[in-house]
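One-letter residues, chain by chain:
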Amino acid sequence: MVSPSESQQQWRSVREYLNENRFALTQRAVRAFPDDLRVAGTPLLARPAWLPAAPVPLADVRLDWRGDGALAPITGGEPELGHILPRQDHGDPVASYAAAVEALARPKLFENRSCYRLLAADAAGEAPVLGFGRGQYFDVINICEASAHEYAAAALAAPGDSAPPASQMPFRAAVGDPTDLARRPVMAAISTLAIRHDRKTGEAEFILHWRDPAKVATGGNLHQVMPVGMFQPSHDAPWNETNDFGLWQSIVRELSEELLGSSEEYGSDKAPIDYAAWPFNAALQEARDAGELHVCWMGLGIDPLTYVCDMLTVAVFDADLFDTAFPRLTATNDEGHLVTVEDSTGRSVGIPFRADHVERLTTQEQMQPAGAALLRLAWEHRSALLASPE
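First, a word on what this report is: a plain description of the structure on this page. (Residues numbered from 1 in each chain as written. Predicted model: local features only at pLDDT ≥ 70, side-chain atom pairs only at ≥ 80, totals over all residues. Heavy atoms only, no water.)

Focus on the overall build of the protein
Step number 1: Within the protein, the regular secondary structure consists of twelve helices and 16 strands.
Step number 2: Relative to the compact-globule value of 21 Å for 390 residues, the protein shows a C-alpha radius of gyration of 21 Å, a close match.
Step number 3: Put simply, the protein has 390 residues, and 56% of those count as buried.
Step number 4: If you take every contact in the protein between residues at least 6 apart in sequence, the share linking residues at least 24 apart comes to 73%.
Step number 5: With an accessible surface of roughly 16500 Å², the protein has 50% of that area assigned to carbon and sulfur atoms. (Helix = DSSP H or I, 4+ residues; strand = E, 2+ residues; numbered from the N terminus. Rg over C-alpha atoms; globule rule 2.2 N^0.38 Å. Buried < 20%, exposed > 50% of the residue type's maximum accessible area, 1.4 Å probe, protein only. Contact = heavy atoms within 4.5 Å. Areas by Shrake-Rupley, 256 points an atom, 1.4 Å probe, with all protein chains shown as cover.)

Some thoughts on helix H7 (residues 247–260)
Step number 1: Taking 1.5 Å per residue as the helical rise, H7 with its 14 residues ought to reach 20 Å, and the 19 Å between its terminal C-alpha atoms agrees with that figure.
Step number 2: Counted residue by residue, H7 has 13 buried out of 14 residues, so it is predominantly covered.
Step number 3: One or two positions beyond H7, positive phi appears at Gly-261, with a value near 75 degrees. (Expected span 1.5 Å × (residues − 1).)

Observations concerning the nonpolar core
Step number 1: Membership of the largest hydrophobic core comes to 103 residues, with the highest contact counts inside it found for Leu-130, Leu-284, Met-311 and Phe-317.
Step number 2: Among the nonpolar cores identified, the runner-up in size contains eleven residues, and Tyr-151, Ala-152, Ala-155 and Met-169 belong to it. (Core = buried A, V, L, I, M, F, W, Y, C linked by side-chain atoms within 4.5 Å.)

Overview of the sheet that holds strand S3 (residues 114–122)
Step number 1: Spatially, three strands are ordered S2-S4-S3 in an open sheet, and the strand pairing comes out mixed. The open sheet is flanked by strand S2 (62–65) and S3, the only strands paired with a single partner. Averaged over all adjacent pairs, the angle separating strand axes in this sheet is 35 degrees, with direction ignored.
Step number 2: Relative to strand S4 (residues 129–136), S2 is paired through four bridges, and the arrangement is parallel. Looking at S4, one finds that Trp-65 is bridged to Phe-132. (Pairing = 2+ DSSP bridges. Axes fitted to C-alpha atoms, helices over the stretch in contact; angles between N-to-C directions.)

Nothing here speaks to function; it is all geometry.
Here it is as structure tokens:
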């Protein structure tokens, strides 16, 4: 038996390998799933009922609160994880994968906050219905990151880029079908493609982000759309559970935090956020009412490596509104940094929303499956998304 220090070093080595090779590992992991589960030819996985036929106005998506819901059997401390959990100095294994991350590879952002747990999703009709209950962020670490770690460890033992031995992945076997929302606790993030659209010229550009593995616990070393955040209350104080239970409430907070560099402290530990009185939200809500900002829901999917769930949304800003709301984008934030290009004047701008950039980012660059799928879907439905208001 290896010593505790050796087991800890082995764990760190696999964790580093995972963070350095997430994109390549994702390409291998997706081969285990049927092609008809893949979203727009990307690695993201989705059941047919999760993807609407066309962009759905965010206001038409219905959220159904179901409380605690049924308990799922997978929690992250199962015996199937014993082969990848490091041992503590006194010899016993750590209690969970989150505990291992805390002790050996803690990123800048790492807090077990309340989340809205996704229990059901049906986008087959004109008005999608999403069912939610209560959950915790560390379920993402204990299940999703543990599943990815196990895959990385097995991949290291497999020759070339062949499929890792199933016998070395008992935890992934215990999780089973990653698209089965009743099989495990599923905490969903909201990935938003923010597009600046100049109606005078017809040109559009979008915001792209690189996630720093030293700052984030999931999705590190990959490009992603921006903003992205877990669907969760702004604080664990009980009054926030109802007050923040809305997709737009989550998106507007992330727009403020990630694009403007605003604080995540809203004072909601003492009182609920007054969204109507918040000037930033009030301005964007007025723009939504005036047709200057269109926010659509595009579906949801599962990462084949990490089993992380993302809800996919697009926010299309009229150029003047975008420039007023975001006079200066924050180049670096708590999760990574902006990815920009330069135009002929040398000015740093967003990424042009064009076929060549969409193709490059979704086929050649190291991008998260959710971001790649969102870009492909947005390009497919660009006529509807960029249509002039009637």
